[in-house]
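So you can see what is in the structure, the chains are spelled out below.
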Amino acid sequence: MNRLDDQRILVTGAASGIGQATVLRLLDEGARVVGADVSADGLAATAAQAAERGTADRLTSLPIDIGDEQSVVAGVRSAVDTLGGLDAVVNAAGILRATHTEQTPLDLWDRILRVNLTGTFLVVREALPALLANPRSTVVNFSSTSAAFAHPYMAAYAASKGGIQSFTHAIALEFGGKGLRAVCVAPGSIKSGITDATPGYVPADADWALFAKLSPVLPTDLESGGAGMGDPSAVAGVIAMLVSSDGAFITGTEIRIDGGTHA
Ligand SMILES: NC(=O)c1ccc[n+]([C@@H]2O[C@H](COP(=O)([O-])OP(=O)(O)OC[C@H]3O[C@@H](n4cnc5c(N)ncnc54)[C@H](O)[C@@H]3O)[C@@H](O)[C@H]2O)c1
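Residues numbered from 1 in each chain as written. Predicted model: local features only at pLDDT ≥ 70, side-chain atom pairs only at ≥ 80, totals over all residues. Heavy atoms only, no water.

Draft legend 1. Structural context of the UniProt feature "domain: Ketoreductase" (unreviewed entry) in the chain. Within this numbering scheme, the UniProt entry marks residues 7-193 as carrying the feature "domain: Ketoreductase" (unreviewed entry). Taken end to end, residues 7-193 is 48% helix and 18% strand, and its first and last C-alpha atoms sit 27 Å apart. (UniProt positions renumbered as here; feature names shortened; annotations may be inferred. Helix = DSSP H or I, 4+ residues; strand = E, 2+ residues; numbered from the N terminus.)

Draft legend 2. Quick look at the site of the ligand. Close to the ligand lie 29 residues; Ser16, Ile18, Asp37, Tyr157 and Ser192 are nearest. One of the side-chain N or O atoms of Lys161 is found 2.9 Å from an oxygen atom in the ligand. Taken by itself the ligand offers 820 Å² of open surface, and the protein chains cover 92% of this. Of all the secondary-structure elements, those providing two or more residues to the shell around the ligand are α1 (17-28), α5 (155-175) and α6 (193-201). Here the shell around the ligand takes 3 residues from α6, the largest share from any one element. Its residues assigned to classes, the shell around the ligand shows 14 nonpolar, 12 polar and 3 charged. (Near = heavy atom within 4 Å. Polar contact = N/O pair within 3.5 Å; in protein donor to acceptor, adjacent residues only side chain to side chain. Areas by Shrake-Rupley, 256 points an atom, 1.4 Å probe, with all protein chains shown as cover. Nonpolar A, V, L, I, M, F, W, Y, C, P; charged D, E, K, R; others polar.)

Draft legend 3. Seen up close, the packing of α1 against helix α2 (residues 40-53). Where α1 contacts α2, the axes come no closer than 10 Å and their chain directions differ by 30 degrees. Judged on the interaxial angle alone, α2 and α1 are roughly parallel. Regarding α1 and α2, the two cross each other, and that crossing is right-handed. On α2, the residues that touch Gln20, Val23, Leu24, Leu27 and Asp28 of α1 are Gly42, Ala45, Thr46, Gln49, Ala50 and Arg53. Residues that form the contact of α1 with α2 fall into these classes: 5 nonpolar, 4 polar and 2 charged. (Axes fitted to C-alpha atoms, helices over the stretch in contact; angles between N-to-C directions. Parallel < 35°, antiparallel > 145°, perpendicular 65-115°, else oblique. Left-handed = near helix turned anticlockwise from the far one by under 90°. Contact = heavy atoms within 4.5 Å.)

Draft legend 4. Here's a closer look at helix α3 (residues 69-83). End to end, α3 covers 21 Å across 15 residues, agreeing with the expected 21 Å (1.5 Å per residue, within 8%). Residues Val72, Val73, Gly75, Val76, Ala79 and Leu83 constitute the buried set of α3. Between a side-chain oxygen at the N-terminus of α3 and the backbone nitrogen of Gln70 the separation is 3.1 Å; the capping residue is Asp68. With its phi angle positive at about 70 degrees, Gly84 sits one or two positions after the end of α3. (Expected span 1.5 Å × (residues − 1). Buried < 20%, exposed > 50% of the residue type's maximum accessible area, 1.4 Å probe, protein only.)

Following this line, the structure appears as C-alpha cells:
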C-alpha cells in the first residue's frame, strides 16, 4: 500500500523543475496524476521519465496556459474527466523575470501577475467544485521566499508570490469547514528552469552584492546538480506529504524549503 494510492491529483508546471519532480514523486507514491503545462516538449520529457520509472500508466499530460481563462476552464474540466474527480491540485506553474522596478513595463508587470497570481486563482476556481465533492481535499500553491524576504530586481515576482500566500490563507478559512486544506510551499534556491534562466534576466548593471542574502546554509552539492542550489526533489517530497494524510492538520500556512537561506 502506497501513501497516495487512489489519489487523483492535477499538477501544473509539470514540464520542468519542481513541478516535474512533484509529478514523478506523486506517481512513485501511487497517485494518478494529470500533469499540465504550456510546454509540450517538457511534458513529453516528464512522461519519458515516468516511463523509465514504470509509472507512466498513471500519468496523463495536458497542454494548458494558466494565464488564459478559457484554457484553464477547458483544461481543468479535462483533468477532472480523466481522473474521475480530483483530490488535490498542485499549482507549480510560474514565471520569473528580473528588472529594475523603475524600468519595468506595465505589460511585463501584468504578465507576471497574470500567470503567477491570476493563473493560480483560475486553476483553483475551476477545480473547487470537484475538490469540494470529497470530504477531504488539498490545494498546494507555490509562494516563494521572495514573498517574505527581499529579492533584488524581482518586485513583480515577489508581489505575485505574496499575493498567492494571501490568497491561500483566504481559501483555507473559506473552505476549511468543508475539508479542504490550502497550503503554500515557499521554495528558495532550487535548481530549475527558473533559476537556470535567472542570470539571463538580471539587469546588466545589477549590484550582485544584493544577492548575497540568498545563499543556503546547508551543503547543496550533495543532492543537487549545481553548487548553491537544492534539488527539486526536496520540494516534491514535502508536497507529497502535504497532499497525503500525513498533512491532515496543516492548512493556511507556508512551508519554507530553502536550505536555511533565511534561517
Ligand atoms: N526554483 C526556485 O528556487 C523557486 C523558488 C521559489 C518559488 N519557485 C516556484 O516554483 C514553481 C516551479 O518553478 P521551477 O522553479 O520549477 O521553474 P521551471 O521553470 O523549471 O518550471 C516552471 C514551469 O511552469 C510552466 N509555465 C510557465 N508559464 C506557464 C503557463 N502560463 N501555463 C502553464 N505552465 C506554465 C513552465 O513551462 C515550466 O514547465 C514556480 O511557481 C516558481 O515561481 C521556485
